[in-house]
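Chain by chain, the residues:
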Amino acid sequence: MPTALLSIACLALASPAASAGWLAPVLQMMQPRIESRLTDQCRQLIGRQGGAPLESELSKLAEQPCRSLAKPVSACLIRETSRTGRELGVISELLTGRVGDDAEVVIKRCLASL
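Let me begin by describing the structure that accompanies this report. (Residues numbered from 1 in each chain as written. Predicted model: local features only at pLDDT ≥ 70, side-chain atom pairs only at ≥ 80, totals over all residues. Heavy atoms only, no water.)

A few words now on the overall build of the chain. The secondary structure content of the chain amounts to five helices and zero strands. Starting at the N terminus, the α and β elements of the chain follow one another as α-α-α-α-α. Sorting the 114 residues of the chain into buried and exposed places 32% on the buried side. (Helix = DSSP H or I, 4+ residues; strand = E, 2+ residues; numbered from the N terminus. Buried < 20%, exposed > 50% of the residue type's maximum accessible area, 1.4 Å probe, protein only.)

By the definition in use, this model includes two disulfides. Disulfide pairing is shown between C42 and C66; the S-S distance is 2.0 Å. Judged by the torsion about the S-S bond (-65°), the C42/C66 disulfide is left-handed. In this pair, C42 sits in helix α2 (residues 24–49) while C66 sits in helix α3 (residues 51–84), placing the two residues 24 residues apart along the sequence. Here the two residues C42 and C66 agree in accessibility, since each one is buried. Two residues, C76 and C110, share a disulfide whose sulfurs are 2.3 Å apart. With the S-S dihedral at roughly -115°, the linkage between C76 and C110 falls on the left-handed side. Of the two residues, C76 is situated in helix α3 and C110 in helix α5 (residues 101–113); the sequence distance between them amounts to 34 residues. Judged by relative accessible area, C76 falls into the buried class, the value being 0%. Ordinal numbering of bonded cysteines along the chain defines a disulfide pattern of 1-2, 3-4. (Disulfide = S-S within 2.5 Å.)

Time to look at a nonpolar patch on the surface. On the surface, V99, I107 and L111 cluster together into a nonpolar patch covering about 300 Å² of accessible area. Here V99 is to be found in the loop between α4 (87–96) and α5. The class of V99 is exposed, set by a relative accessible area of 60%. (Patch = residues over 30% accessible without salt bridge, like charges linked within 9 Å, V, L, I, M, F, W, Y side chains within 5 Å. Areas by Shrake-Rupley, 256 points an atom, 1.4 Å probe, with all protein chains shown as cover. Salt bridge = Lys/Arg side-chain N within 4 Å of Asp/Glu carboxyl O.)

Below, the discussion takes up the packing of α4 against α5. Viewed as axis vectors pointing N to C, α4 and α5 meet at an angle of 110°, and their least axial separation amounts to 8 Å. Comparing the axis directions of α4 and α5 gives the class roughly perpendicular. Contacts between α4 and α5 involve G89, V90 and E93 from the first element and D101, D102, A103 and V106 from the second. Here the contact of α4 with α5 is built from residues that sort into three nonpolar, one polar and three charged. (Axes fitted to C-alpha atoms, helices over the stretch in contact; angles between N-to-C directions. Parallel < 35°, antiparallel > 145°, perpendicular 65-115°, else oblique. Contact = heavy atoms within 4.5 Å. Nonpolar A, V, L, I, M, F, W, Y, C, P; charged D, E, K, R; others polar.)

Right, let's talk about the packing of α2 against α4 for a bit. Their axes nearest at 11 Å, the elements α2 and α4 cross at an angle of 35°. Every pair of crossing elements has a handedness; the one defined by α2 and α4 is left-handed. On α4, the residues touching A24, V26, L27, M30, R33, I34 and R37 of α2 are E87, V90, I91, L94 and L95. (Left-handed = near helix turned anticlockwise from the far one by under 90°.)

A few words now on the pattern of salt bridges. The tally for this structure, following the rule as stated, stands at eight salt bridges. One salt bridge in this structure joins R67 and E63, with 2.3 Å as the shortest N-O distance. Residue R67 and its partner E63 are both found in helix α3; the two are separated by four residues, about one turn of the helix. The residue R83 makes a salt bridge to E80 at a minimum N-O spacing of 3.0 Å. Here the residue R83 and the residue E80 both occupy positions in helix α3, the gap between them amounting to three residues, near one helical turn. According to the relative accessible area criterion, R83 is exposed, its value standing at 55%. One connected set of salt bridges, linked through shared partners, spans R79, E80, R83 and R109.

Fair warning: the whole summary comes from geometry, so function is off the table for now.
Set out below in structure tokens:
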């Protein structure tokens, strides 16, 4: 299995434009995880706005709106990742739990389109 992943990585690095979209199914499988993470981040952000006494209540109230927002945002992130041919970079960044250069480009494209 590691050999197959190394081969895929080499192919992607050799010609990113030619490989655009070929890892989209992997990203689509990760969509529930992306939506969950976006929802959690949204709830935390809203919860912090109320201060300690209101944090829990605001977070609970924000659950449904945050979940509703996460669906189109995750779809945009996946779509723009495929369009830019940055699937391999974004996937590796997602797996390590960080936002790197590839994800930043995709996020900016989504913000511009929303």
